[in-house]
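Coordinate inspection notes
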Amino acid sequence: VQLIESGGGLVQPGGSLRLSCRGSGRTFSSLAMGWFRQAPGKEREFVAYIGWSGSSTDYADSAKGRFTISRDNAEKMVYLQLNNLKPEDTGIYSCAAGPEGARNNIYQYDDWGQGTQVTVSS
């Protein structure tokens with residue numbers, strides 16, 4: 001599966017962004033998807049997960065109540081709505097495809113996009 005992210009940018013604290021991840025390949029709708037981010041000088045960390053059908057989701061504690069993951073299998077798209085952004089949310093956000101139940105286990109994800117930069121600053 002090939003993945004391409006878009007939607008990043010510069011936003012002020014408290015602002016919102018909607019990230020998109022476009023997938024390709026016939027297996028997209030059968031794969032779980034995750035969003036991860038990597039801040040400068042830090043390791044990549046889990047942000048959000050969604051199962052193949054969209055009925056199962058999971059979030060990092062830092063994302064709960066502010067971020068929402070969703071998907072449209074017909075369009076082969078996964079989205080991450082970012083609300084009430086904080087400077088510590090700055091980083092490169094990448095989507096990844098993996099097996100159902102992968103959740104926050106980064107090592108279970110096989111295919112990754114290049115990422116999109118999110119910068120939260122006043």
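Residue positions within a chain follow its written sequence, with the count starting from 1. In view of the model being predicted, local features appear only for residues whose pLDDT reaches at least 70, and side-chain atom pairs are presented and counted only at 80 or more, with totals across whole chains, interfaces and linings using the full set of residues. Computation of side-chain values: all heavy atoms of the structure, hydrogens and water removed.

1. Examining the environment of Phe46
Counting from the N terminus, the helices are the DSSP runs of H or I reaching at least four residues and the strands are the DSSP runs of E reaching at least two. Positionally, Phe46 belongs in strand E5 (residues 45–50). The spatial distance from the C-alpha of Phe46 to the C-alpha of Asn104 is 5.5 Å, given a sequence separation of 58 residues. Here, residues are in contact when the closest pair of their heavy atoms is within 4.5 Å. Setting aside its immediate chain neighbours within four residues, Phe46 contacts Trp35, Phe36, Asp58, Tyr59, Ala60, Arg103 and Asn104.

2. Section: the state of the cysteines
The criterion for a disulfide is a pair of cysteine sulfur atoms lying within 2.5 Å. Scanning all chains against the criterion turns up one disulfide. Residue Cys21 pairs covalently with Cys95 via a disulfide, S to S 2.0 Å. In this structure, the disulfide formed by Cys21 and Cys95 twists by about 65 degrees around the S-S bond and is classed as right-handed. Here Cys95 lies in strand E9 (residues 91–98) and Cys21 lies in strand E3 (residues 17–24), a separation of 74 residues in the sequence. Burial classes: relative accessible area under 20% of the type maximum marks a residue as buried, over 50% as exposed, and values in between as partly exposed (1.4 Å probe, protein chains only). On the basis of relative accessible area, Cys21 is assigned to the buried category, the value being 0%. Owing to a relative accessible area of 0%, Cys95 belongs among the buried residues under this scheme.

3. Comments concerning the environment of Gly54
Structurally, Gly54 is set in the loop between E5 and strand E6 (57–59). Taking C-alpha positions, Gly54 is 29 Å from Lys42, a pair spaced 12 residues apart along the chain.

4. Some points on the pairing of strand E1 (residues 2–6)
One face of the sheet, then the other: side chains in a regular strand alternate in exactly this way. The alternating pattern of E1 places Leu3 and Glu5 on a buried face, while none of Gln2, Ile4 and Ser6, on the opposite face, is buried. Following DSSP output, two strands are said to pair if at least two bridges run between them. Pairing of E1 with E3 involves five bridges; the strand directions are antiparallel. Paired with Ile4 across the strands is Arg22, a residue of E3.

5. As for unusual backbone geometry
Among all residues except glycine, the phi angle is most often negative; among peptide bonds, the trans geometry is most common. Even without being a glycine, Lys76 presents a positive backbone phi close to 55 degrees. In this structure, Lys76 sits in the loop between strand E7 (67–72) and strand E8 (77–82). When its relative accessible area of 28% is taken as the criterion, Lys76 is described as partly exposed.

6. Regarding the environment of Gln12
Locating Gln12 in the fold gives a position in the loop between strand E2 (9–11) and E3. What makes Gln12 exposed here is its relative accessible area of 55%. For the pair Gln12 and Gly101, spaced 89 residues apart in sequence, the C-alpha separation works out to 34 Å. Apart from residues lying up to four places away in sequence, Gln12 is in contact with Val120 and Ser121.

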